[in-house]
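# Survey of secondary and tertiary structure
In case you want the letters, here they are:
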Amino acid sequence: MIALVTTLVAFLALGPAGPAGATGSKRSGAVPSPTAPHRGVVAQHPSAAPTPGRDKAVRAFVEQRAKLRSALSGDSARTPKEVATAGAGASLAPTHNFWGVFPQAGTHDGITATHSVDPSYKVTDSENFTYAPTTKAKNSCMEVVTAYWSQGAEIWAWDWCGTSGPAKTLKVDADFLAKYTTTTDGITSYSVQLTQDATSGNAWSSYLYNYRTQAWELLFQSAGTDQSALDYGWDIFEIYATVDAGTGAGYFCSEARNTTFDSRDIKLRRGGAWQLASPADSPWTSTDPRGDDYLCPSLTFTQAAQNHHWTVHP
């Protein structure tokens, strides 16, 4: 009888069984299904609301995207690959460059991926911004950005059909990490989804996956005309960098030395079904990117899977 009681006490001490992460345990492994339940809304803490202190980052984002749009349109238009590999053009200050995949027009009406996030990566210079990973579906009304800048690490829902700015911002704090992140191959990651709504007009919704409730929560909705004017989507690593005089390389090259930028399980929705991104629908911006073009000679670019998983590491 004593042995039986001892065994029962030990069993009860293990705690109730339940979904991974439901009691705050370390979650690891599988990425969520894009067809998991969609319920709930991502709450924004008042301290994360748009503030004047974010204006510089917003202006930099708008100005550099305008230059990108100009380079990709008009009589002298270049392909995304040509623009990306142009690297540090003398007319760009700071240096703007990007690498990843570009889902093409006519191939999707939704995108989902699992993105790395590292709250320990600190950006010191106010002119430097790392947006990685950042994702947008073709013609979608929002881009969901992992934003690293001088005021910390944040998740932005950038409104491309309305204010042309971060309509919703989330600080990557303890609460965010507890609800929306998991560990995949040792990398802290969150999962994001953008889908065109089944309504008339260009209406879109974006979601984050809550690993506690095991459901996709609504992040932001918007409808209208996509002001990016770019005829493709993207899932990319992107930097706006200046040179650190102390190292001779971009600030991020040393500040993100312990950070891995990773996007995996990139899927596109087509005809109601989700499929992994492929060479046919999501070409790489470049198959041979060079770290020198990003002010970081040591930068490595890994095509970890066939157009549906990439990794960048300084």
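Scroll up to find the structure.
It should be emphasised that the depicted structure is a prediction, and the values quoted were computed from it without experimental measurement.

## Regarding the overall build of the chain
Assigned secondary structure in the chain consists of 5 helices and 18 strands. Each of the 314 residues in the chain was classed as buried or not, and the buried ones make up 51%. Residue pairs in contact within the chain that sit at least 24 positions apart in sequence constitute 70% of those at least 6 positions apart. Carbon together with sulfur atoms contributes 55% to the accessible area of the chain, which is approximately 13500 Å² in total.

## Some words on the packing of aromatic side chains
With the rule as written, the count across this model stands at 23 aromatic pairs. Between W99 and W284 the ring centres are 5.0 Å apart and the planes differ by 10°, which places this aromatic pair in the stacked class. With W99 in strand β2 (residues 95–101) and W284 in the loop between β16 (273–276) and β17 (300–305), this residue pair connects regions lying 185 residues apart in the sequence. Summarising the burial analysis for this pair, W99 and W284 share the class buried.

## Some remarks on the sheet that holds β2
Sheet architecture is open: 6 strands sit in the order β2-β12-β4-β5-β6-β7, paired in antiparallel fashion. Two strands in the sheet have a free side with no partner beyond their single neighbour: β2 and β7 (165–171). Looking at each pair of strands side by side, their axes are set apart by 20° on average, direction ignored. Examined bridge by bridge, strand β6 (residues 152–159) and β7 share 6 bridges and lie antiparallel to one another.

## Side note on the environment of A304
On the secondary structure map, A304 appears in strand β17. Sequence separation of A304 and S263 is 41 residues, and the distance between their C-alpha atoms is 9.4 Å. Beyond its immediate stretch of four places on either side in the chain, A304 contacts H309, W310 and T311.

## What about the environment of A178?
As for its position among the elements, A178 is in helix α4 (residues 174–180). The spacing of A178 and N210 is 32 residues in sequence and 8.9 Å in space, taken between C-alpha atoms.

Rules used in this analysis
- Residues numbered from 1 in each chain as written.
- Predicted model: local features only at pLDDT ≥ 70, side-chain atom pairs only at ≥ 80, totals over all residues.
- Heavy atoms only, no water.
- Helix = DSSP H or I, 4+ residues; strand = E, 2+ residues; numbered from the N terminus.
- Buried < 20%, exposed > 50% of the residue type's maximum accessible area, 1.4 Å probe, protein only.
- Contact = heavy atoms within 4.5 Å.
- Areas by Shrake-Rupley, 256 points an atom, 1.4 Å probe, with all protein chains shown as cover.
- Phe/Tyr/Trp six-rings, centres within 6.5 Å; stacked < 30°, edge-to-face > 60°.
- Pairing = 2+ DSSP bridges.
- Axes fitted to C-alpha atoms, helices over the stretch in contact; angles between N-to-C directions.

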